[in-house]
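What the coordinates show
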Amino acid sequence: MDAVKDAAHAQLAELRMKIDDNELLHSLEQKYNIPKERIVVGGVLVIFFAIAFGLTAASLCSIIGFAYPSYKSFEAIEKRTGSGGGPEVTQWLIYWVVFSFFSIMIVVFVYTLPYWIPFKKVADVQPSAPGVTAAGPLPGTVTKEKLMSSGHELPEDYTCPLCCLPISLPLGKHSTFTYCCSKTVCNGCFHASYQRGMGDTCAFCRTPTPDSYAAALPLIQKRVEARDPVATQRLASAYYDGSLGLEQDVPRAIELWTEAARLGDLDAHFRLGYRYYKGEGVRKDRARAIRHCKHAAIQGHPESRHVLGLHEYGKRNHELAVRHWMISAKIGCEQSLNEIKEMYKEGR
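Below you will find a few notes about this structure. Predicted model only: the values in this text are computed from it and were never measured. Counting of residues starts from 1 at the beginning of each chain's written sequence and follows it residue by residue. This being a predicted model, a pLDDT of at least 70 is required before a residue's local features are given, and a value of 80 or more before pairs of side-chain atoms are given or counted; all residues contribute to the totals for chains, interfaces and linings. Hydrogen atoms and water are omitted, and side-chain values are computed over all heavy atoms in the structure.

All right, on to the pairing of strand β1 (residues 175-178) then. The pairing of β1 with strand β2 (residues 183-186) spans four bridges and is antiparallel. When the bridges of β2 are listed, threonine 178 appears paired with lysine 183. Counted along the chain from β1 to the antiparallel partner β2, the turn is four residues long, and its residue serine 182 has a positive phi close to 60 degrees. If DSSP finds at least two bridges between two strands, the strands pair. Runs of H or I in DSSP of at least four residues are treated as helices and runs of E of at least two as strands, each being numbered from the N terminus.

The structure is reproduced here in structure tokens:
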């Protein structure tokens, strides 16, 4: 043990000889009555533990780059002669200008721009509402294999956002649409909200419930401006039916349905498909109508799948029609179930 102590003292003595000419350490030794070699060893240990326990090298360099020059600057000011200061003062003033310049450059080019530029690019792109595909061209064709193997479950829009349970079909009979946030809330959750004394606010977002069509229209228009596909489809239906205090405007309805379909709304695909199939408000185009219905059907839209069954039944493809109806009946479409019953009654 004595040998270790002797070796340590010898190392400290050697270190003291190497740093004996350092004025800063000499002044610290006189001021605090601590041997300068121990100050150096203590400083090294502090730096080591600082790095070991999470203080990054960049932070450490910043601290050293500020602390030591600060000390030397005050020392130079105390030693200056005359009002203009000596060359050492000028030297440290130049240092602080350069230090500040590079500190600002690091903040701008290392910590700000690399994060701000990608964020700006993302912010410049209007986001679609959650759960829908971005606006874009409709797919050209859907293969028969994909058509029959996809869309066997209801899409997310048929799930209540509060209780997270599937809403029974038909959707309009078992749920309530909220104009403020474009959510479809099941009647159970809506009734529960009413029982808790919150019947005058939205069951989902707690916005005051509009008491008239005049009050509801601005809310849905605001959602449309935010490129909400559900709200866009609802506004299109209002123009088509002349509801919500709007005058009937079929061309405007078709335009909004087309936009909603591009944003990913399945009801918009279905309604466009029906209008193109019947030629209501648009030139009859059954190929385009079936394309819209297929696009919605492969994503689980029950009404679109039912219409595809009717289309195949009209072409006397009874087996394929039943396959479509079986899929839509399985996910809750009562109309498809009734069609299958009728076919069995007729013996087809």
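From this point, things continue past the structure.
On to the side chain of histidine 324, then. Looking at the element boundaries, histidine 324 is found in helix α15 (residues 318-330). Residue histidine 324 is classed as buried on the basis of its relative accessible area, which comes to 1%. Contact between two residues is taken to exist if any of their heavy atoms lie within 4.5 Å; hydrogens are not considered. Residue contacts for histidine 324: discarding those within four places in its chain leaves Leu147, Met148, Arg305, Leu308, Gly309 and Glu312. Each residue is assigned to one of three classes by its accessible area relative to the maximum for its type, calculated with a 1.4 Å probe on protein chains only: buried under 20%, partly exposed between the two thresholds, exposed over 50%.

Right, let's get into the packing of helix α13 (residues 286-297) against helix α14 (residues 302-314). Think of each axis as a best-fit line through the C-alpha atoms, taken over the contacting stretch in the case of a helix, with angles from 0 to 180 degrees between the N-to-C directions. The geometry of α13 relative to α14 is characterised by a closest axis approach of 8 Å and an angle of 135 degrees between their N-to-C directions. By the angle between their directions, the pair α13 and α14 is classed as oblique. Along this stretch, α13 crosses α14, giving a crossing that reads as left-handed. For the pair formed by α13 and α14, the contact residues are Ile290, Cys293, Lys294, Ala296 and Ala297 on the first element and Ser304, Arg305, Val307, Leu308 and His311 on the second. Three classes are used: nonpolar for Ala, Val, Leu, Ile, Met, Phe, Trp, Tyr, Cys and Pro, charged for Asp, Glu, Lys and Arg, and polar for all others, with Gly counted as polar. Class assignment for the residues of the contact of α13 with α14 results in six nonpolar, two polar and two charged. Should an angle fall under 35 degrees it is called roughly parallel, over 145 degrees roughly antiparallel, and 65 to 115 degrees roughly perpendicular, with every other angle called oblique. The crossing is said to be left-handed when, going from far helix to near helix, the turn is anticlockwise and less than a right angle, and right-handed when the turn is clockwise.

Now for the packing of aromatic side chains. A pair of aromatic rings is counted whenever rings of Phe, Tyr or Trp (Trp by its six-membered ring) have centres within 6.5 Å, and the orientation is called stacked for planes under 30 degrees apart, edge-to-face for over 60 and tilted otherwise. Counted under the stated rule, the structure contains three aromatic pairs. Aromatic pair phenylalanine 177 and tyrosine 179: ring centres 5.5 Å apart, planes at 90 degrees, arrangement edge-to-face. A relative accessible area of 12% places phenylalanine 177 in the buried class. For the ring pair tyrosine 240 and tryptophan 257, a centre distance of 5.3 Å and an interplane angle of 45 degrees mean the geometry is tilted. Of this pair, tyrosine 240 sits in helix α10 (residues 229-241) while tryptophan 257 sits in helix α11 (residues 250-263), placing them 17 residues apart in sequence. Judged by relative accessible area, which is 14%, tyrosine 240 ranks as buried. A residue is classified by how much of its surface remains accessible, and tryptophan 257, at 1% relative accessible area, is buried. Cation over ring: arginine 234 sits above phenylalanine 177, and NZ or CZ is 4.0 Å from the ring centre. In our convention, an over-ring charge means Lys NZ or Arg CZ found within 6 Å of a ring centre and within 35 degrees of that ring's normal.

Read these as geometric descriptors, not functional statements.
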